[in-house]
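An overview of the molecular structure
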Amino acid sequence: MPRLAAFAAIVLWGVSFVATKAVVGELSPATLVFTRAGLGTLLLAGLLRARGRPVLPPRRALPSLALMGFVGVAFHQLLQAQALTLTSAVSAGWLVGLTPLWSALLAWGMRRERLGAWKVLGLLVGFEGALVVVTGGVPAPGRLALPSTRGDLLLLASTLNWAAYTVLGHATIRGLGPTRATAGAMGMGWLLLLPLFVARGGWAEYAHLSPAGWAAVAYLGLASSGLAYLFWYAALERVEASRVAAFLYLEPLTTLGAAVLLLGERASAGSLAGGALVLAGVLLVQAPDHLRALRRPAGRSLE
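Residues numbered from 1 in each chain as written. Predicted model: local features only at pLDDT ≥ 70, side-chain atom pairs only at ≥ 80, totals over all residues. Heavy atoms only, no water.

Within an unreviewed UniProt entry, the label attached to the protein chain reads EamA domain-containing protein, and the organism entered is Anaeromyxobacter paludicola. In its Subcellular location (unreviewed entry) section, UniProt records this for the protein chain: "Cell membrane". (UniProt positions renumbered as here; feature names shortened; annotations may be inferred.)

A cluster of nonpolar side chains, Met1, Leu4, Phe7, Leu250 and Leu253, forms an exposed patch at the surface whose accessible area comes to about 520 Å². When residues of the nonpolar patch are traced back to their parent elements, those giving at least two are helix 1 (2–23) and helix 11 (250–263). The residue methionine 1 is located in the segment before helix 1 in this model. Residue class for methionine 1 comes out exposed when judged on its relative accessible area of 79%. (Patch = residues over 30% accessible without salt bridge, like charges linked within 9 Å, V, L, I, M, F, W, Y side chains within 5 Å. Areas by Shrake-Rupley, 256 points an atom, 1.4 Å probe, with all protein chains shown as cover. Salt bridge = Lys/Arg side-chain N within 4 Å of Asp/Glu carboxyl O. Helix = DSSP H or I, 4+ residues; strand = E, 2+ residues; numbered from the N terminus. Buried < 20%, exposed > 50% of the residue type's maximum accessible area, 1.4 Å probe, protein only.)

Let's shift gears to the environment of methionine 188. Within the secondary structure layout, methionine 188 lies in helix 8 (residues 178–199). The sequence separation of methionine 188 and leucine 62 amounts to 126 residues, and the corresponding C-alpha distance is 8.6 Å. The residues contacting methionine 188, other than those within four sequence positions of it, are Leu62, Leu65, Ala66 and Gly69. (Contact = heavy atoms within 4.5 Å.)

For the rest of this paragraph, the subject is the packing of helix 1 against helix 11. Here helix 1 crosses helix 11 at 45°, and the two axes come no closer than 8 Å. The angle between helix 1 and helix 11 falls in the class oblique. Regarding helix 1 and helix 11, the two cross each other, and that crossing is right-handed. On helix 11, the residues that touch Phe7, Ile10, Val11, Trp13, Gly14, Val15, Phe17, Val18, Lys21 and Ala22 of helix 1 are Leu250, Glu251, Thr254, Thr255, Ala258, Ala259, Leu262 and Leu263. Taken together, the residues that form the contact of helix 1 with helix 11 break down as 13 nonpolar, three polar and two charged. (Axes fitted to C-alpha atoms, helices over the stretch in contact; angles between N-to-C directions. Parallel < 35°, antiparallel > 145°, perpendicular 65-115°, else oblique. Left-handed = near helix turned anticlockwise from the far one by under 90°. Nonpolar A, V, L, I, M, F, W, Y, C, P; charged D, E, K, R; others polar.)

What follows deals with the side chain of arginine 36. When you line up the elements, arginine 36 lands in helix 2 (residues 29–50). The buried charged residue arginine 36 lacks any salt bridge partner; its closest oppositely charged side chain belongs to glutamate 251, at an N-O distance of 8.8 Å. (Lys, Arg positive; Asp, Glu negative; His and termini not counted.)

If you look at the biggest cluster of nonpolar residues, it comprises 31 residues, and the most contacted ones within it are Trp94, Leu95, Leu98, Leu101 and Leu156. Only helix 1, helix 4 (89–96), helix 5 (99–111), helix 6 (117–135), helix 7 (147–176), helix 11 and helix 12 (269–294) provide two or more residues apiece to this core. Examining the composition of this core, we find that six residues originate from one element, helix 4, more than from any other. Ignoring any residue separated from it by four or fewer positions in sequence, one finds leucine 156 in contact with Leu95, Leu98, Trp102, Ala130 and Val134. By size, the runner-up hydrophobic cluster in this structure holds 30 residues, among which are Ala5, Ala6, Ile10 and Leu12. (Core = buried A, V, L, I, M, F, W, Y, C linked by side-chain atoms within 4.5 Å.)

The subject of this paragraph is the side chain of glutamate 265. Mapped onto the elements of the fold, glutamate 265 is located in the loop between helix 11 and helix 12. Of the buried charged residues, glutamate 265 lacks a salt bridge, with lysine 21 as the closest side chain of opposite charge at 5.2 Å. Only 3.1 Å separates the side chain of glutamate 265 from the backbone nitrogen of valine 90, close enough to count as a polar contact. Ignoring sequence-local partners within four residues, the contact set of glutamate 265 consists of Lys21, Ser88, Ala89, Val90, Ala259 and Val260. (Polar contact = N/O pair within 3.5 Å; in protein donor to acceptor, adjacent residues only side chain to side chain.)

Tracing the sequence through the fold places tyrosine 206 in the loop between helix 8 and helix 9 (211–236). Excluding anything up to four places from it in sequence, tyrosine 206 contacts Leu27, Thr31, Phe34, Thr35, Phe197 and Trp214.

Here we take up the confidence of the model for the protein chain. Looking at the protein chain, the pLDDT average stands at 82 and 84% of residues meet or exceed 70. The low-confidence segment residues 297–303, where pLDDT is below 50, has 18 contacts with residues more than four positions distant or belonging to other chains. (pLDDT = per-residue confidence, 0-100.)

Further remarks concern helix 2. Counted at 1.5 Å a residue, the expected span for helix 2 with its 22 residues is 32 Å, and the 32 Å between its end C-alpha atoms agrees. Within two residues after helix 2, glycine 52 carries a phi angle of roughly 75°, on the positive side. (Expected span 1.5 Å × (residues − 1).)

A word on the packing of aromatic side chains. This structure, assessed with the given rule, holds nine aromatic pairs. Between the aromatic rings of phenylalanine 34 and phenylalanine 197, the centroid separation amounts to 4.0 Å while the plane-to-plane angle is 10°, which identifies the pairing as stacked. Of the two residues, phenylalanine 34 sits in helix 2 while phenylalanine 197 sits in helix 8, which places them 163 residues apart along the sequence. A relative accessible area of 7% means that phenylalanine 34 is categorised as buried. Phenylalanine 197 sits in the buried class, given a relative accessible area of 8%. Residues tyrosine 206 and tryptophan 214 carry aromatic rings whose centres are separated by 5.6 Å and whose planes lie at 35° to one another, so their mutual orientation is tilted. The class for tryptophan 214 is partly exposed, based on a relative accessible area of 39%. Ring pairing ties together the aromatic residues Phe34, Trp190, Phe197, Trp203, Tyr206 and Trp214, which thus form one cluster. (Phe/Tyr/Trp six-rings, centres within 6.5 Å; stacked < 30°, edge-to-face > 60°.)

What follows is the structure, given as structure tokens:
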């Protein structure tokens, strides 16, 4: 069932912030992201081989895959891992919900897509919600100097970065197919991280990793970086992208629930209020697309 696959992907991605928060105290962000990318690459390459498809990408695609690997894997995941050394998984979940708002702005700026009144209102509401999350609803002097605020700002940067990645990778994913393009980008990201891993002697950190830490790393590499992408693209192959995108609203809620249950984090009133504004903003921005989708029968996506 494609909708069940989309829901599974959202749950896996939502819990990934909790797993990252749990392990960044034992591994440096660079070692964590390097290991995660390596496990994800192995899983996706194994699936390609099992399906009888080429594992290595064509030479013509290497430059675009290298760019995707840097933006969407190495730089993006380093931003988020570093941010989670400073802030909570709850804040991460709410702020990552801003990604569709950045996507709407990029579509307007790069493809000249029209921003109607609902989208403009949604952008204003969503970014106001992000400000509430970052400041906890208390915009006091010096608030931006707090470590948690610096972490939140890094997360905000990662949402813009991910929106840019979706634009950069669109043509390559359509040309190679989602599994092959994702495997290639993740492999490139892993290679780009290799010099940093070697320079820091990252292998020495594995000796200090607890069983729970190993489980978190395995989850991030195999489930979040591997299976979640497969589930998401499997849904996109069967259902229109605008319908599948509706499941993205559940990701912050999944992160919130997992952070409270697994990490014992608490969601402050300011965080909940800001998160509600972020979700409201995203709903307003995407409402016109969802209304158009509801007027059409469900069919095979072109994504």
